[in-house]
Amino acid sequence: VISHAVISHAVISHAVIVCGENDLSYSSDIPYIQSIASTILDIITTLLDIPPPSPISISHVLFLGPKLSPILSDSVPSMLSICSLHNQISYSLKPLSPKVTYCDNLKRFAKTDRTNYDIFMSFKTSQPPDITIENKYFKEDGLHLNEEGYKIWENIVVEWYSATK
């Protein structure tokens with residue numbers, strides 16, 4: 001959680017960031033979550049612009065995008081919010097490439113042949129697409145990944161780290 005923190009010295013070579021899903025499951029509204037994401041993106045952008053060896057710098061960031069999860073699957077507004085958050089974050093991060101990598105998780109834990117855009121548009125028209133969230137990757141709460149789910153993210157992080165070090 002980033003809230004009124006003051007950092008005086010930090011040299012970070014690699015950072016992994018995830019944001020928004022817990023807030024959505026606890027009924028926070030999308031503008032609030034987008035403001036958190038914007039704050040995080042502003043901080044990342046600022047830190048990327050500071051060349052090392054300054055007291056505060058960061059070299060590479062992996063942003064694990066939001067995922068569709070079982071707890072949200074019965075709520076069209078929640079699924080639309082996840083898709084909207086994905087769109088906002090992925091669009092905002094494009095100019096920061098190659099220092100910032102966006103990992104698209106929207107369909108990673110689901111079965112569908114639909115594109116991200118098709119999924120977003122079907123939720124926007126309140127017609128959920130043909131998509132099945134794979135419960136096998138989630139804990140009983142339907143939001144947090146279980147060990148099998150985190151293993152997938154671990155492989156993504158290891159591959160990204162190896163490619164950027």
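Right above here is the structure, for reference.
The structure contained in this document is the topic of the report that follows. Everything quoted here is computed from the prediction, not taken from an experiment.

**Concerning the packing of aromatic side chains**
- Here the structure, examined in full by the defined rule, presents five aromatic pairs.
- When the centroid spacing of 6.5 Å and the interplanar angle of 35 degrees are considered together, the rings of F63 and Y102 count as tilted. Taken together, the residues F63 in strand β2 (residues 56-64) and Y102 in strand β3 (residues 100-103) connect sequence positions 39 residues apart. The residues F63 and Y102 share a single accessibility class, namely buried.
- Between F109 and F138, the ring centres sit 6.0 Å apart and the planes meet at 75 degrees, which makes this aromatic pair edge-to-face. Here the residue F109 occupies a position in the loop between β3 and β4 (110-111), and F138 occupies one in the loop between β5 (132-133) and α5 (147-164), the gap between them amounting to 29 residues. You'll find F109 and F138 in the same group, each marked buried.

**Side note on unusual backbone geometry**
- Geometrically, the link from S97 to P98 is a cis peptide bond, its omega value of 10 degrees lying close to zero.
- Relative to the helices and strands, P98 resides in the loop between α3 (76-93) and β3.

**Some points on α5**
- With 18 residues, α5 should reach 26 Å at 1.5 Å per residue; the first-to-last C-alpha distance of 25 Å fits that figure.
- When α5 is considered as a whole, its buried residues turn out to be G149, W153, I156, W160 and T164. Looking straight down α5, one finds that the buried residues subtend no more than 60 degrees of arc, so they occupy a single side. Along α5, the residues that are exposed and aim more than 90 degrees away from the buried face are E147 and E159.
- The distance from a side-chain oxygen at the start of α5 to the backbone nitrogen of E148 is 3.0 Å, and the residue carrying that oxygen is N146.

Cut-offs and rules
- Residues numbered from 1 in each chain as written.
- Predicted model: local features only at pLDDT ≥ 70, side-chain atom pairs only at ≥ 80, totals over all residues.
- Heavy atoms only, no water.
- Phe/Tyr/Trp six-rings, centres within 6.5 Å; stacked < 30°, edge-to-face > 60°.
- Helix = DSSP H or I, 4+ residues; strand = E, 2+ residues; numbered from the N terminus.
- Buried < 20%, exposed > 50% of the residue type's maximum accessible area, 1.4 Å probe, protein only.
- Expected span 1.5 Å × (residues − 1).
- Arc of directions from axis to C-beta.
- Polar contact = N/O pair within 3.5 Å; in protein donor to acceptor, adjacent residues only side chain to side chain.

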